[in-house]
Amino acid sequence: MPQITIDGQRIETSAGKTIIEAAQENGITIPHFCWHPALSVSGNCRMCLVNTGFPRKAPDGTFERDADGNNVIGWGPKLSIACATPVADGMVIDTQGDKTEHAQNAVMEFLLINHPLDCPICDEAGQCKLQEYEFLHSKGKSRFDEKKNHKDKRVPLGPNVMFDAERCISCSRCIRFADEVATQPVLTFVDRGDHVTIETFPGTQFDSPYSMNVIDICPVGALTSIDFRFTSRVWEMSFTDSICPGCSRGCNIKVGVRNNEILRLEPRTNMHVNTYWMCDDARLNQYKFVNENRLSGAMIRSGNTLVPATWEIAAEKAAKLLHSYKPSEIMILGSARATNEDNFLLSRLSHKILKTTHIDFLHHTDNDFADKLLRTSDRTANAHGAMEIGIKQHHGVSMDNLVEKIKNHSIKAVYVIDEHVADNPELANALSLVECLIVHASNPTSLTIMAHVLFATSTYAETEGTFTNMNKRVQYLMPAVATLDNERIAGLEMSRWDKFGARNDRWSQGVRRDCKPGWEIIQLIANHLGAGWHFSDAESVFKELSIDVKGFHGMSYELLQEYQGITLGTTDHSDVKAVVYESHIFKPN
Amino acid sequence: MNVEKNTEKNRLNFWERIYLPEIARGLGLTFKQMLKPKMTRQYPEEKWEPTGSYRGRPVLVLEEDGERCVACSLCSRVCPALAIEVQAGETTKEKERYPVKFEINMLRCIYCGFCEEVCPEEAIIMSKDYELIFTNQEDAILGKDKLLIPIAQLQDRLEFLRQYR
Ligand code: SF4
Ligand code: SF4
Ligand code: SF4
Ligand code: SF4
Ligand code: FES
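Residues numbered from 1 in each chain as written. Chains lettered and ligands numbered in written order. Predicted model: local features only at pLDDT ≥ 70, side-chain atom pairs only at ≥ 80, totals over all residues. Heavy atoms only, no water.

Counting secondary structure elements, chain B contains 6 helices and 7 strands. Taken from the N to the C terminus, the helices and strands of chain B come in the order α-α-β-β-α-β-β-α-β-β-α-β-α. The C-alpha radius of gyration computed for chain B amounts to 25 Å, which surpasses the reference 15 Å derived for 165 residues by more than 25%, pointing to a less compact arrangement than a globule. Expressed along its principal axes, the backbone C-alpha trace of chain B runs to roughly 85 × 40 × 35 Å. Looking at the 165 residues of chain B, the share that counts as buried comes to 36%. When the accessible surface of chain B is totalled, it reaches about 11,200 Å², and 56% of it is carbon and sulfur. Chain B carries 25 positive and 27 negative side-chain charges, and their two centres are separated by 9 Å. (Helix = DSSP H or I, 4+ residues; strand = E, 2+ residues; numbered from the N terminus. Rg over C-alpha atoms; globule rule 2.2 N^0.38 Å. Buried < 20%, exposed > 50% of the residue type's maximum accessible area, 1.4 Å probe, protein only. Areas by Shrake-Rupley, 256 points an atom, 1.4 Å probe, with all protein chains shown as cover. Lys, Arg positive; Asp, Glu negative; His and termini not counted. Charge placed at Lys NZ, Arg CZ, Asp CG, Glu CD.)

Along the backbone of chain A there are 17 helices and 24 strands. With respect to the principal axes defined by its C-alpha atoms, chain A has extents near 95 × 55 × 50 Å. The buried share of chain A, reckoned over its 589 residues, is 57%. Considering only residue pairs separated by 6 or more positions, chain A has 66% of its internal contacts joining residues 24 or more positions apart. Of the accessible surface of chain A, which amounts to about 25,300 Å², a share of 51% is contributed by carbon and sulfur atoms. Between the centroid of the 60 positive side chains of chain A and the centroid of its 74 negative side chains there is a distance of 2 Å. (Contact = heavy atoms within 4.5 Å.)

A few words now on the interface of chain B and chain A. Every contact between the two is made by 29 residues of chain B and, on the other side, 25 residues of chain A. Around 2,400 Å² of area is buried between chain B and chain A when both sides are counted, 44% of it from carbon and sulfur atoms. On inspection of chain B and its partner chain A, the count reaches 7 salt bridges. With a closest N to O distance of 2.9 Å, B:Glu90 and A:Arg229 form a salt bridge. (Buried area = accessible area lost by both parts, 1.4 Å probe. Salt bridge = Lys/Arg side-chain N within 4 Å of Asp/Glu carboxyl O.)

With that settled, consider the site of ligand 1. With respect to spatial proximity, 13 residues lie near ligand 1, and among them A:His115, A:Cys119, A:Cys122, A:Cys128 and A:Gly221 are the closest. Its residues placed into classes, the shell around ligand 1 shows 7 nonpolar, 3 polar and 3 charged. (Near = heavy atom within 4 Å. Nonpolar A, V, L, I, M, F, W, Y, C, P; charged D, E, K, R; others polar.)

Moving on, we come to the pattern of salt bridges. Residue and element names in this part refer to chain A. Scanning the entire structure with this criterion turns up 42 salt bridges over all chains. Residue aspartate 371 pairs with arginine 375 through a salt bridge whose shortest N-O separation is 3.8 Å. In this structure aspartate 371 comes out as partly exposed when scored by relative accessible area, which is 29%. Accessibility expressed as a relative area gives 15% for arginine 375, which makes it buried.

All names here are of chain A. Here the largest pocket defines a volume of roughly 700 Å³. Lining the largest pocket we find 28 residues, and of these Gln286, Phe289, Arg337, His420 and Ser442 sit closest to its centre. When grouped by side-chain class, the residues that make up the lining of the largest pocket number 8 nonpolar, 14 polar and 6 charged. Of the pockets and cavities examined, the second largest pocket occupies roughly 600 Å³. Lining the second largest pocket are 32 residues; nearest its centre among them are Gln127, Asp216, Arg264, Glu266 and Pro267. Looking at the lining of the second largest pocket, the elements that each hand over two or more residues are helix H5 (213–217), strand E11 (223–225), strand E14 (261–267) and helix H6 (280–285). Examining the composition of the lining of the second largest pocket, we find that 5 residues originate from one element, E14, more than from any other. Along the lines of polarity and charge, the residues of the lining of the second largest pocket split into 14 nonpolar, 8 polar and 10 charged. (1 Å grid on protein atoms, 1.4 Å probe; cavity = no way out; pocket = protein on both sides within 12 Å on 5 of 7 lines; lining within 4 Å. Points joined across faces, edges and corners; volume = space filled by probe spheres on them.)

Near ligand 2 there are 14 residues, and of these A:Cys168, A:Cys171, A:Ser172, A:Cys174 and A:Cys218 occur at the shortest range. Within the shell around ligand 2, the residues separate by chemical class into 11 nonpolar, 2 polar and 1 charged.

Residue and element names in this part refer to chain B. In this model, chain B carries a mean pLDDT of 91, and residues with pLDDT of at least 70 account for 95%. Element-level mean pLDDT values for chain B span from 84 in helix H1 (residues 14–18) up to 97 in strand E7 (residues 148–150). Of the two predicted TM-score estimates for the complex, the pTM is 0.90 and the ipTM is 0.86. (pLDDT = per-residue confidence, 0-100.)

With that out of the way, let us pick up the sheet that holds strand E24 (residues 566–567) of chain A. Residues and elements named next belong to chain A. If you walk across this open sheet you meet the 3 strands as E22-E23-E24, and the pairing is antiparallel. Looking at strand neighbours, the two that pair on one side only are strand E22 (465–468) and E24, the edges of this open sheet. Relative to strand E23 (residues 473–477), E22 runs antiparallel, the two being bridged by 4 bridges. Residue glycine 465 lies in a different strand from E23, and its bridge partner there is leucine 477. Lying on the sheet, helix H9 (residues 340–353) is in contact with E22 and E23; it crosses E22 at an angle near 90°. (Pairing = 2+ DSSP bridges. Axes fitted to C-alpha atoms, helices over the stretch in contact; angles between N-to-C directions.)

A cis amide bond links B:Tyr43 to the next residue, B:Pro44, at an omega of 10°. Phi is positive for A:Asn293, which is not a glycine, with a value near 55°. The residue A:Asn293 is located in the loop between helix H7 (288–291) and strand E15 (298–302) in this model. Residue classification places A:Asn293 among the exposed positions, given a relative accessible area of 55%.

The subject of this paragraph is the pairing of strand E3 (residues 49–55) of chain A. Remark: a regular strand shows side chains that alternate across the two faces of the sheet. Residues and elements named next belong to chain A. Of all 7 residues in E3, 6 are buried; the element is thus mostly enclosed. For E3 and strand E5 (residues 80–81), the ladder comprises 2 bridges, and the chain directions are antiparallel. The residue of E5 that forms the bridge with valine 50 is serine 80. Sheet topology note: the E3/strand E6 (residues 92–94) ladder contains 3 bridges and is antiparallel. What sits directly across from glycine 53, in E6, is valine 92.

The next point concerns a nonpolar patch on the surface. A cluster of nonpolar side chains, namely B:Tyr19, B:Leu20, B:Ile23, B:Leu27, B:Phe31, B:Met34 and B:Leu35, defines an oily patch on the protein surface of about 830 Å² accessible area. By the element assignment, B:Ile23 lies in helix H2 (residues 20–35). (Patch = residues over 30% accessible without salt bridge, like charges linked within 9 Å, V, L, I, M, F, W, Y side chains within 5 Å.)

Residues and elements named next belong to chain A. If you look at the biggest cluster of nonpolar residues, it comprises 85 residues, and the most contacted ones within it are Phe33, Leu130, Phe177, Phe206 and Ile262. When residues no more than four places from it in sequence are discounted, the contact partners of phenylalanine 177 are Leu39, Ala182, Thr183, Phe206, Tyr210, Asn213, Val214, Ile217 and Trp277. With 54 residues, the next largest nonpolar core counts Trp311, Ile330, Ile391 and Met478 among its residues. (Core = buried A, V, L, I, M, F, W, Y, C linked by side-chain atoms within 4.5 Å.)

Spelled out as structure tokens, the structure:
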């Protein structure tokens, strides 16, 4: 095991690692632009130059000592790039001395020669590596008084990525990402020297389903999202850790919110799940349904229309309806799109209160969506959680015979949460025949129109809870968007704007929607059926769940956050905590 | 009232208590002022024209080809009173970005001039306008229609900034 010393700190590392990797694993960040742990090393930005040396030995083989008894270091004649220099036993590395600092300053000065510095109109401003290093490693003065080189500022590389050639610092991260991760090698450098720029090969475009990740890894604002461009400055948004609901991978994401509206989604590093990436499809679609076209409050059918009712009255009505049927006539549909907490209380309601074993959930499979990197064919976030909790029954009525049972009138009442039946016309048709249909939904669908009692539920971005992904990893999600119900959840991230807005400010008028998380609605109904539950928040439901369901034993929200998710049944031997690499350090305030 | 101070020697004396001599003294001062030259102005018929250094309401500079502002939101970030709201949009012009919406809530603004100082485009500057009259809160939020002022009318301030900034 080679031992190295970085800035006086002794580090044990393994052979074959580069200096930057060894430093990173021990929490020391060496300034860099082109290096990325998921990509091959290209060593072209020279930002990571460090001074390296070895303790000098006397002819007799002993270490030379100076007057204070310290080893005398024989420094290398030139600096080395930390991203491409492998560690060697005894190596001494200086990342802060005069020589290193001088080199860093020089690299920054070179990079800024032709850089437009149009930060005011650059989407990267506020989380830009170049800006960050300008503050840390630059003298702030340029000796270049010639005219700057101008290049194209608006070149779409594909349907989702816009390229600004002036801002590019030619680090080649995007090219390597396209080659190595997206496996769509269409990007390349063209021309030389200060004319160098990036192009797609003639007749191709960068339209990989993962193309937008280059926007995150580009150290500067050269690559921007066509979907997001200029929507907001980064410091105006709050970013909340969440889990993508788009498929069973459960990619870790950050939700960017301003004025109570989601403006963008970004991947969050989790080495056990999605590493550094997320797919474009989710980035473009998994926020729109939270912002637009939402249901509000509770509603009860009266004749042909649904009329608004208070939560209490609607819950009472739902309870009364359920009570008027025999347990064998009731079907409960949980959901692979709802959280573990929702499904857990639903399963309790059916087993303990309604005493029916007719409980199941719908699968939503789309084989066209699956690929080798992240996307999976299961388009729901929590199928494994639902199964673990026992939403899937092996006796009684299930999805296999539900349609038939409704048609022969043995099932008369259906309670369904967070589902849509757009991809299942047969079921949709059958559900329109039942006498009593109780529905939880966040957006109007063909199912909500048929409901007899309808409750507006919070989306993934408004609930606290957990999802269980395809590898049975239970992951925690935090509400990012405020509703009337969750506004007082401790720790809800809010941007400066959302925090300080008053009634007469137009910028703080984002709607607080009238919706509740599923478990809360289920508890309301159960209590009208005499359950007497007192769960005050999602955490208390999860506590009960972790005691009740074997796979969840020992889990808590705290542990789930600390370990970035825990696999079912492994709380006592969960994976080691990974050192999380963040390419861009975000400086919001 | 400070009770301890209410001692014999701090109380009004006899002449003060009979009041009339004091009235005469006050009126004396009034008549003296009446004969002095007048300092007041017949506002609003007669208006005061501030100099370039005056910080009146912040306005946006309008040039021939449109506003200078590129909607960078720096003014909005620096504003200690959170008076400014900017929403950026994309244009096909050279400067790519422009404010789709630019609103200053004049009930929040404290005329500190930070927005002017931070603006990288010299697009928001303090004007000479000190006459702000509203009858309701909504009217106090000024949009682009009220904020954009032709550059010709702002020369004094721009000249002041050139010299002293
Ligand atoms: S890339 Fe960074 S330094 Fe360059 S204009 Fe954008 S924010 Fe400024
Ligand atoms: S566009 Fe960005 S990621 Fe690509 S080479 Fe230029 S600076 Fe690097
Ligand atoms: S003058 Fe000061 S308070 Fe008024 S808008 Fe500008 S920064 Fe805000
Ligand atoms: S700082 Fe200047 S350019 Fe930026 S938004 Fe404000 S007025 Fe516009
Ligand atoms: S990070 Fe080492 S050369 Fe770019």
